[in-house]
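Coordinate analysis (summary)
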Amino acid sequence: MWSFLEGLLYDNTIEEEYYRKIRQKSSSKSAVIVGLVAAVGGFLYGYDTGLINDLLEMRYVYENFPANNMSFTSHERALITAVLSLGTFFGALVAPLISDNYGRKFSIIISSGIIFNVGNILQIASTNVTLLCIGRAISGASVGILSAIVPLYQAEASPKWVRGSVVFTYQWAITWGLLIASAVCQGTRKIGNSGSYRIPVGLQFLWALILYSGMLFLPESPRYYVQKNKIQKALDSLSKLRKLPPDDPDLIEELVEIKANYDYELSFGATSYLDCFRNGGGRHKQILRMFTGIGAQLFQQCSGINFIFYYGVNFFSSTGINNYYIMSFVTYLVNTIFTIPGIILVETIGRRQLLLWGGVGMSVSNFIIAITGVSISNNETKSILSVCFSCVFIAFFASSWGGCVWALTSDIYGISIRQRAISITTATNWLVNFVFAYITPYLIDTGHHTAAIGNKIFFIWGGCNALGVLFVYFTVYETMGLKLEEIDYMYAHCKNARVSSDFKSTKIDFARLDENYNAVDSASPHESATTSSPPSKNEKDMSSSGGITDPINCGHNDFVPLYNSKLPTANTNGITIVPYNNIISPSLSSSSDSSTASSLLNTRNHHNSVSSTNNTIAAGRSVSTAGAGNSTTGASPSSDYLSYLESLKSEYSGAPHYTTNNNNSQTLHLSNTNPSTSHRGSVSNNGSISNASKIYTEKDLKSISDEYDLMMRSGTGNTTNNGNPTTDTTIIATPFFTRPPDSSDDEDE
Ligand SMILES: OC[C@H]1O[C@](O)(CO)[C@@H](O)[C@@H]1O
């Protein structure tokens, strides 16, 4: 009755909406800052690749570097231009070896701080083609590594509503790199000594310095930490990225979902490069996804964009334009300016529409340039039209395919193979880049062993772009507005790419999915998992408010919690995660329990194993309540999870209190008025908590920010060697799972 009256007097949903927006805004701001710093990796890409266009046209360079000391032959030109792409190709391929083992952040720092600088030193020292090529290949390897990691890092660090835009800034940084390289070369090309090329090359030390020093201040990707089973660190990093306190329910919900998704994928066994090309193992339509990523990168490079950026000066001079340096600079400017609409469009009209319409625009403008070349005899008209439509083409490319391809390829792969898959798609970009960089001089130059097709090359680009449009129509699934964890699910449940735009953000109970992303528990099916037609994207959904609130299904099973796996240790901010390790027990009580469990066990028999320490059958996958629903809908966690919580609570003195979060993880609030006394809570090495002198109830903590302040005020949070927290502690008892014992690929502890 009271709630009805309250509802009439006061619409608290408005308030919730208001706070949700404030929180989202602050998370977005933080993601954009992180994204922009990382995007400097794109700047290196653009600057380094752009330099060559101007360097080769510098008098000092073409009088000193070529063998004949007069001008570059087609062969020398092709070699110098293409060798960078070759280095980048191999760099992109080896990126996962560093990134999956040592982290995204470390890889970016090492690549820009060491590898790139070594290559740069060699380029500056060089006075002939050979050393120049070696230097370019080494810095190329660094640019390649960065190109496979930076967009991934940006995507993994961003909330879903700005993810596409953040990754698009990587492309924007590339365009700035190209533009600044061109501007710097304009300024130095008239210097009559080696400064003409050494200054622009040397400036790269500065760009690299900005990147690696900036990265030192950014958090590691929370998804990388989840892969490493460093949940506490993942939480800290997510908290920094989202600017939310570490025990914020939305934050924990996001973390639980990432972990549940990873556990789900990993439950099918360890992965290798080959799994990028295999369907199954929780990676639905994986072959199609690989085809999509590789194809998107291939068509981006076949668009003809680098014909203009690598050979622009050459091309414009051949069309009879006098100020071709200026013209080339204008094309870089158009590229940079028109990337801005793309940053907005990728999160408004979506990836699919952007690629489709962008491709149409690119194709039409290419054909106009080609037809102009063969049908108009007046040279002046011809060159004006060529220049104008080159700019139209660049504008379409910049606002669509340029950045959208990076956003798409960072979106579409599951966490267990994401870095490898992206490295393969990125390597494709570089391989095609290399091929075109190498063959273009032979196609357009006049002279021995060249095709001399001139402007007609735009027929090739136009045709490729038209094919690209068809490719997108049939293969590209819309990923806008979906969390990375939801994308696998969309691939499983959308019949084809054309209907994918109708798929909406969905809360997923990974515990209830078989390897085809279908609900395994037919007795109480997961609502979304059994939805035959995909729900509409327009339906209100916010990750923070829980999206679809499905009933929790875990109440049917008997789970045996393990208290002695990963030990919780309080971290510096006083948060302790106590994982609830679900293991499917062989002793399931009801028949439906047994059938569910046996279906789980049977489905993945090959990776189930027997744990030698506790004699329980450890299913390759574990069962979660993660993301399964919102406690306010009346759902309740598994009874065993509750008994687990009871056991934790019984370790406390005083009445137990805990907060139920959206994901049904529980937050227990412990505090102590005098953290230095022996009454403080301590975490013993079997994971139990004891001696807490006071437990805060939820009511004591009026709001999230009060709660946060309380924790922050309470001390520095030092921990002693035995894991005893010396300050107030918030314990998050969360339904994480034991990792499959046979998955050894990522464990490093
Ligand atoms: O902006 C143009 C630049 O963008 C890229 O296609 C990468 O996305 C580069 O190959 C090209 O030089």
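Reading the values: rules and limits
- Residues numbered from 1 in each chain as written.
- Predicted model: local features only at pLDDT ≥ 70, side-chain atom pairs only at ≥ 80, totals over all residues.
- Heavy atoms only, no water.
- Helix = DSSP H or I, 4+ residues; strand = E, 2+ residues; numbered from the N terminus.
- Buried < 20%, exposed > 50% of the residue type's maximum accessible area, 1.4 Å probe, protein only.
- Contact = heavy atoms within 4.5 Å.
- Areas by Shrake-Rupley, 256 points an atom, 1.4 Å probe, with all protein chains shown as cover.
- Salt bridge = Lys/Arg side-chain N within 4 Å of Asp/Glu carboxyl O.
- Near = heavy atom within 4 Å.
- Polar contact = N/O pair within 3.5 Å; in protein donor to acceptor, adjacent residues only side chain to side chain.
- Nonpolar A, V, L, I, M, F, W, Y, C, P; charged D, E, K, R; others polar.
- Phe/Tyr/Trp six-rings, centres within 6.5 Å; stacked < 30°, edge-to-face > 60°.
- Patch = residues over 30% accessible without salt bridge, like charges linked within 9 Å, V, L, I, M, F, W, Y side chains within 5 Å.
- pLDDT = per-residue confidence, 0-100.
- Expected span 1.5 Å × (residues − 1).
- Disulfide = S-S within 2.5 Å.
- Axes fitted to C-alpha atoms, helices over the stretch in contact; angles between N-to-C directions.
- Parallel < 35°, antiparallel > 145°, perpendicular 65-115°, else oblique.
- Left-handed = near helix turned anticlockwise from the far one by under 90°.

**Topic: the overall build of the protein chain**
Scanning the protein chain from terminus to terminus reveals 24 helices and 9 strands. The 749 residues of the protein chain split such that 61% are buried. In the protein chain, once contacts between residues fewer than 6 apart in sequence are set aside, the share between residues at least 24 apart is 77%. When the accessible surface of the protein chain is summed, it comes to about 27,400 Å², and 62% of that surface belongs to carbon and sulfur atoms.

**What to know about the pattern of salt bridges**
One pass over the full model with this rule turns up 14 salt bridges. A salt bridge links arginine 283 to aspartate 275; the nearest nitrogen and oxygen atoms lie 3.7 Å apart. Among the residues examined, aspartate 275 registers a relative accessible area of 11% and is labelled buried.

**Topic: unusual backbone geometry**
With a phi angle near 60°, asparagine 229 is a residue other than glycine that sits in the positive phi range. As for its placement among the helices and strands, asparagine 229 is situated in the loop between α10 (222-227) and α11 (231-242). Owing to a relative accessible area of 12%, asparagine 229 belongs among the buried residues under this scheme. Of note in this structure, lysine 243 is not a glycine but carries a positive phi near 55°. With respect to the helices, strands and loops of the structure, lysine 243 is situated in the loop between α11 and α12 (249-266). With a relative accessible area of 55%, lysine 243 lands in the exposed category.

**Focus: the environment of leucine 482**
Locating leucine 482 in the fold gives a position in the loop between α20 (457-475) and α21 (484-493). Expressed as a C-alpha distance, the spacing of leucine 482 and glycine 350, which sit 132 residues apart in the sequence, is 11 Å.

**Notes on the site of the ligand**
Contacts to the ligand come from 15 residues, most closely from Gln171, Gln300, Gln301, Asn306 and Asn335. One nitrogen or oxygen atom from the side chain of tyrosine 45 is found 3.2 Å from an oxygen atom belonging to the ligand. Calculation on the ligand without its partners gives an accessible area of 310 Å², and the protein chains cover 100% of this total. Among the elements that make up the shell around the ligand, the one with the highest residue count is helix α7 (residues 163-188) (4 residues). Class assignment of the residues belonging to the shell around the ligand gives a composition of 7 nonpolar, 8 polar and no charged.

**Focus on the packing of aromatic side chains**
Taken as a whole and judged by the stated rule, the model has 23 aromatic pairs. When the centroid spacing of 6.4 Å and the interplanar angle of 75° are considered together, the rings of tyrosine 45 and tyrosine 170 count as edge-to-face. With tyrosine 45 in helix α2 (residues 12-55) and tyrosine 170 in helix α7, the pair connects residues that are 125 residues apart, well separated along the chain. Judged by its relative accessible area of 6%, tyrosine 45 is buried. Residue classification places tyrosine 170 among the buried residues on the basis of a relative accessible area of 0%. Aromatic rings pair up to connect Tyr45, Tyr170, Trp406 and Trp430 into one cluster.

**Regarding a nonpolar patch on the surface**
A surface patch of nonpolar side chains, about 400 Å² in accessible area, is lined by Leu467, Leu470, Tyr473 and Phe474. Locating leucine 470 in the fold gives a position in helix α20. Residue classification places leucine 470 among the partly exposed positions, given a relative accessible area of 49%.

**Points about the confidence of the model for the protein chain**
On average, residues of the protein chain score 72 in pLDDT, and 64% of them are at 70 or above. Across residues 581-638 the pLDDT falls below 50, and counting only partners more than four positions away or on other chains, this stretch makes 144 contacts in the model. Taken as a whole, residues 652-658 scores under 50 in pLDDT and shows 26 contacts with residues more than four places along the chain or in a different chain. Confidence metrics for the complex model read pTM 0.73 and ipTM 0.99.

**Focus: α11**
Here α11 is 12 residues long and its end C-alpha atoms lie 16 Å apart, about the 16 Å a rise of 1.5 Å per residue gives. With respect to burial, α11 is a largely interior element, 10 of its 12 residues being buried. If you check which residues of α11 are buried, you get Ile231, Gln232, Ala234, Leu235, Asp236, Ser237, Leu238, Ser239, Leu241 and Arg242. Phi turns positive, to about 55°, at lysine 243, one or two residues after α11.

**So, the side chain of threonine 339**
Summarising the element assignment, threonine 339 is placed in helix α16 (residues 339-345). Overall, threonine 339 belongs to the buried group, its relative accessible area being 0%. Here threonine 339 is in contact with Phe168, Gln171, Trp172, Thr175 and Ala398, once residues within four sequence places are set aside.

**Some details on the state of the cysteines**
Enumeration according to the criterion identifies 0 disulfides in this entry. This cysteine, cysteine 391, is not joined by any disulfide, and cysteine 388 carries the nearest cysteine sulfur, 6.8 Å off. Taking relative accessible area as the criterion, cysteine 391 reaches 16% and is therefore assigned buried.

**A word on the packing of helix α5 (residues 104-125) against helix α6 (residues 129-157)**
Running from N to C, α5 and α6 cross one another at 160°; their axes reach a closest spacing of 8 Å. As far as their axial angle goes, α6 and α5 are roughly antiparallel. As for how α5 packs across α6, the hand of that crossing is left-handed.

**Points about the environment of valine 129**
Here valine 129 lies in helix α6. Residues valine 129 and glutamate 76 lie 53 residues apart in sequence; the distance between their C-alpha atoms is 7.7 Å. Apart from the residues within four sequence positions on either side, valine 129 is in contact with Phe65, Pro66, Phe72, Glu76 and Ile80.

**Quick look at the packing of α6 against α7**
It is at 8 Å that the axes of α6 and α7 come closest, and there the two elements cross at 155°. Accordingly, the angle class assigned to the pair α6 and α7 is roughly antiparallel. For α6 against α7, the interelement crossing comes out right-handed. Between α6 and α7, the residues in contact are Leu146, Ser147, Val150, Pro151, Gln154 and Ala155 and Arg163, Val166, Val167, Thr169 and Tyr170, respectively.

**Here we look at the side chain of serine 30**
Along the chain, serine 30 falls in helix α2. Of the residues examined, serine 30 reaches a relative accessible area of 6% and is grouped as buried. Residues contacting serine 30, with those up to four places away along its chain left out, are Lys240, Leu241, Arg242 and Lys243.

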